[in-house]
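Architecture at a glance
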Amino acid sequence: MATTTKPSYLGLLNAISLAESGAGVSLQAWANATPNDELADALRFVAARETSHGDVFCRRIKELGFDLLQKPDPGAAERLAKVANPKVSDLEKIGPDRDEGQDFFGGIEKQLDEGIFDPLTAKLMVWYIGEERDSGKVLNEAYDCVRSMSNGKSPSAAKAMAPTTPSADADAMMACMTAGFTRLEKALEKLAKAK
Ligand SMILES: [Fe+2]
């Protein structure tokens, strides 16, 4: 079952697993801290996916004959403490509106087109990217509600005002904007430079 040679994309699988597991913990902690039930639902919905992604990518690394490599993340405790703190507002946790951005999953899709992944990992990547973008939409909508409520609008008005077609890039960023995002971004940049 295990391959004898180390796949070029092993580092990417490792980075995704660590980032997703971290994001799952952060989003769950935030859900437990917020007084906003709708936001909590969205956060739990995405947290379950993130945790699952962390597990599945860890399993895929094992299936390929390797082990997940844990890496120190000095800022993790501070970020987690912030999202878990009910005294910090949801608005502050959401941070600034991030409309523009790079397509962080576009690079992986390019690699899919180039056929660099083994067949099962390729299918896993397609599923993962699909869920990440959908999660981005779920979070975007919940975040827009929080922003609009803070501007004095009702949640229903806020929902009606939520953009219906946010860009795929923004989706991807929103999906990973909590704890795991920075690590994933750095790992992808490093991989891009190494190529
Ligand atoms: Fe994610």
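Now for a description of the structure that goes with this document. (Residues numbered from 1 in each chain as written. Predicted model: local features only at pLDDT ≥ 70, side-chain atom pairs only at ≥ 80, totals over all residues.)

**Concerning the overall build of the chain**
Counted only if it meets this: Going along the chain from the N terminus, every DSSP run of H or I of four or more residues is numbered as a helix, and every run of E of two or more is numbered as a strand. Between the buried cut of 20 or more and the exposed cut of 12 or fewer other C-beta atoms within 10 Å of a residue's own C-beta lies the partly exposed class, and all C-beta atoms are placed from the backbone. Contact between two residues is assigned whenever their backbone-derived C-beta positions fall within 7 Å.
When its secondary structure is counted, the chain shows nine helices and zero strands. In sequence order, the secondary structure elements of the chain are arranged as α-α-α-α-α-α-α-α-α. By residue count, 35% of the 195 residues in the chain fall in the buried class. Look at the contacts in the chain between residues 6 or more apart in sequence, and 78% of them connect residues 24 or more apart.

**Thoughts on the nonpolar core**
Applied cut-off: Any nonpolar core is a set of buried residues, restricted to Ala, Val, Leu, Ile, Met, Phe, Trp, Tyr and Cys, that join up through C-beta atoms within 7 Å.
Formed by 33 residues in total, the largest nonpolar core has its most connected members in Leu 27, Leu 43 and Ala 142. Among the elements of the structure, helix H1 (10-33), helix H2 (37-63) and helix H6 (119-150) are those that each provide at least two residues to this core. It is H1 that contributes the most residues to this core, twelve residues altogether. Sequence-distant contacts of Leu 43, defined by excluding residues within four places in its chain, comprise Leu 27, Trp 30 and Ala 31.

Don't take any of this as a statement about function, it's just geometry.
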